[in-house]
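The residues making up each chain are set out below.
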Amino acid sequence: MRTVFPITVVGLACLLYLGTLRGGFVWDDVPLIAENPVLRNLGNLPRALASDFSGMADPSRRSGYYRPVTVLTYFLDYHIWRGRPSGFHLSNVLLHALCSLSVYLLSLKVLGSREAALTAGLLFAAHPVHTEAVAWISGRTDILSALFLLAALLTADRAYGLSLMLSALSMGAKESGTSAVLLAPLYRVLYVDQTVRRCIGYILVGAGFWGLRWASIGRIHLHPETLAPPLHLRIADVPLLWGKYVGKLLWPFQLNAEWEVAASGHLGFRHLVAWGVLGCTVYWFLRRWRKNPAFALGLGLLFLGLLPVSGIVPLYDRVAERFLYLPSAGFALVGAWGWTFVLHRRRTLAWTLLSGVLLVYSWGTVHRNRIWKDQETLFRTTVQDAPGSARAHYN
């Protein structure tokens, strides 16, 4: 089982996304890759690595994002596959398979059970909410960031320097990788040691990345259409957004490329309830985290992974399914942790439940992948799913 289980996880991750290899460039893929003249000459690589992510070719499209690691993979794919979209899609599929394997390996370390690790890896590999990140080439930012962050956790106990470097690569793939500043210390406190000295290294790496970003592209530029309510309302909405995200993980069958959650215009009773629930959860967590470190790490991956996209810092896309790529690793870990309780009592029932969930997840993933095959299919479906979306109608 030492090799069969990880091969099974990688195999399922690849199998479910094989159909995406027939897809083309859609949405942001077109200006970022297909029509980007900068990618056509490797001599442009140094300049691109120090440029705004969306403004490499056209400064008027500056997004304020700095993602040199992702840009490097675009250059490599463009020249290896001669600009063919199938090669870019293949890279996304292989990266997703590596992430699924990383979830398996991390779960094996913290749960100590190959069966539980298999469960976590398969749940992650098959979860339909990943289709936006995997089937859409531009969703690679989330896959790469998650891959390097998970690798940073896996190496935190035996290769501290390598873990720091992987954390930096996670941030360089997408800014949300900054959650490594909190997640890596959490892992060390739970499983390595409780000394603060080595945790400071991750904070310094985060500070170094943001310093490099500032030196390369300057201050953060918000898109003119970015919704930016007052700070107190953005903070008040955090647990409400987290609830919406958890709902997507629990019921990933109403997916939408233009998923929208309205911002609050004023404080209300629902904010009081949401923060009350969050406060009770934090209190329970602080009392029990030492007794259930795997559960604590799973919750950390879920909620600390969501923290950078919780709306405190305004984003052009206030919510998006691809933002759940890393947090879903925590969801899979918590799910596998709970599944072991059923396994120890009703073994047949546990495997039956897992098989049923995986069948439904797999069907949902394969079905949703078809939406991303070309521009016409994507936006025709998105207009139906989000009739109020101007972007869907415009495209």
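Everything here concerns the structure above.
Predicted, not measured: the structure shown is a model, and the values here were computed from it. (Residues numbered from 1 in each chain as written. Predicted model: local features only at pLDDT ≥ 70, side-chain atom pairs only at ≥ 80, totals over all residues. Heavy atoms only, no water.)

A. Main features of the overall build of the chain. When you go through the chain residue by residue, the secondary structure sums to 19 helices and zero strands. Rg of the C-alpha trace for the chain: 20 Å, near the compact-globule value of 21 Å for 395 residues, within the 12% margin. Based on the C-alpha atoms only, the size of the chain along its principal axes is roughly 60 × 45 × 45 Å. Taking all 395 residues of the chain together, the buried fraction comes to 54%. Just so you have it, the chain exposes about 18,000 Å², and 65% of that area is on carbon and sulfur atoms. Side chains of the chain carry 37 positive and 21 negative charges; the gap between the two charge centres is 10 Å. (Helix = DSSP H or I, 4+ residues; strand = E, 2+ residues; numbered from the N terminus. Rg over C-alpha atoms; globule rule 2.2 N^0.38 Å. Buried < 20%, exposed > 50% of the residue type's maximum accessible area, 1.4 Å probe, protein only. Areas by Shrake-Rupley, 256 points an atom, 1.4 Å probe, with all protein chains shown as cover. Lys, Arg positive; Asp, Glu negative; His and termini not counted. Charge placed at Lys NZ, Arg CZ, Asp CG, Glu CD.)

B. Looking closely at the side chain of H271. By the element assignment, H271 lies in helix α14 (residues 269-288). A polar side-chain atom of H271 sits 3.2 Å from a polar atom in the side chain of S264. Setting aside anything within four residues of it in sequence, one finds H271 in contact with A236, D237, L240, S264 and H266. (Polar contact = N/O pair within 3.5 Å; in protein donor to acceptor, adjacent residues only side chain to side chain. Contact = heavy atoms within 4.5 Å.)

C. Summary view of a nonpolar patch on the surface. A cluster of nonpolar side chains, L182, L231, I235, W275, L307, I312 and V313, forms an exposed patch at the surface whose accessible area comes to about 560 Å². Residue position: W275 is located in helix α14. (Patch = residues over 30% accessible without salt bridge, like charges linked within 9 Å, V, L, I, M, F, W, Y side chains within 5 Å. Salt bridge = Lys/Arg side-chain N within 4 Å of Asp/Glu carboxyl O.)

D. Seen up close, the packing of helix α15 (residues 293-306) against helix α16 (residues 327-345). Relative to each other, α15 and α16 sit at 155 degrees, their axes nearing to 7 Å. Classified by the angle their axes make, α15 and α16 are roughly antiparallel. At the point where α15 passes α16, the crossing takes the left-handed sense. Facing α15, whose interface residues are A294, F295, L297, G298, L299, L301, L302, G305 and L306, α16 presents P327, A329, G330, L333, V334 and W337. (Axes fitted to C-alpha atoms, helices over the stretch in contact; angles between N-to-C directions. Parallel < 35°, antiparallel > 145°, perpendicular 65-115°, else oblique. Left-handed = near helix turned anticlockwise from the far one by under 90°.)

E. Representation of unusual backbone geometry. With a phi close to 55 degrees, W27 is a non-glycine residue in the positive phi region. Structurally, the position occupied by W27 is in the loop between α1 (4-16) and α2 (29-34). When its relative accessible area of 13% is taken as the criterion, W27 is described as buried. A positive phi angle is found at R82, which is not glycine, with a value near 55 degrees. Residue position: R82 is located in the loop between α4 (68-80) and α5 (85-111).

F. Summary view of the nonpolar core. Membership of the largest hydrophobic core comes to 91 residues, with the highest contact counts inside it found for L106, L297, L301 and Y325. If you tally residues by element for this core, the top one is helix α8 (residues 140-154), at 11 residues. Apart from the residues within four sequence positions on either side, Y325 is in contact with H96, C99, F124, H130, A133, V134, D142, I143 and A146. Within the second largest apolar cluster, 16 residues are counted, among which are V30, L32, Y74 and Y78. (Core = buried A, V, L, I, M, F, W, Y, C linked by side-chain atoms within 4.5 Å.)

G. Region of interest: α1. Here α1 contains 13 residues, and its C-alpha end-to-end distance of 18 Å stays within 8% of the 18 Å for a straight helix at 1.5 Å per residue. Among all positions in α1, only F5, P6, V9, L12, A13, C14 and L16 are buried. Summarising the contacts, the buried residues of α1 are in contact with α5, α6 (114-126) and α17 (347-369). (Expected span 1.5 Å × (residues − 1).)

H. Fine view of helix α9 (residues 160-173). Between its first and last C-alpha atoms α9 spans 20 Å; for 14 residues at 1.5 Å apiece the expected length is 20 Å, and the two agree. Where α9 is buried, its residues touch α4, α8, α10 (180-191) and α11 (197-217).

I. Inspection of the environment of R82 at higher detail. Looking at R82, the relative accessible area reads 70%, which means it is exposed. Along the chain, R82 and L204 lie 122 residues apart, while their C-alpha atoms are 39 Å from each other.

J. Examining the packing of aromatic side chains more closely. Taken as a whole and assessed by the stated rule, the structure comprises 17 aromatic pairs. Relative to W259, the ring of Y245 has its centre 5.3 Å away and its plane inclined at 85 degrees; by these criteria the two rings are edge-to-face. Remark: W259 occurs in the loop between α13 (238-250) and α14 and Y245 occurs in helix α13; sequence separation between them is 14 residues. One aromatic cluster is present, built from ring pairs that chain together W27, W136, W372 and F379. Over the ring of Y160 we find R198, and its NZ or CZ is 4.5 Å from the ring centre. (Phe/Tyr/Trp six-rings, centres within 6.5 Å; stacked < 30°, edge-to-face > 60°. Lys NZ or Arg CZ within 6 Å of the ring centre and 35° of its normal.)

K. Seen up close, the state of the cysteines. Counting across every chain of the model gives zero disulfides. Summary of cysteine pairing: C99 is not part of a disulfide, and the nearest cysteine sulfur, belonging to C14, is at 12 Å. (Disulfide = S-S within 2.5 Å.)

L. Region of interest: the side chain of S362. Secondary-structure assignment places S362 in helix α17. According to the relative accessible area criterion, S362 is buried, its value standing at 16%. Not counting the four nearest positions on each side in its chain, S362 is found in contact with L12, L16 and A126.

M. Main features of the pattern of salt bridges. Applying the stated criterion across every chain, the model contains 11 salt bridges. We note a salt bridge from K174 to D142, for which the minimum N-O separation is 2.8 Å. In this pair, K174 sits in the loop between α9 and α10 while D142 sits in helix α8, placing the two residues 32 residues apart along the sequence. Ionic pairing is found between R368 and D385, a salt bridge with its closest N-O pair at 3.8 Å.

So, to be careful, I would describe these as geometric facts and stop short of saying anything about function.
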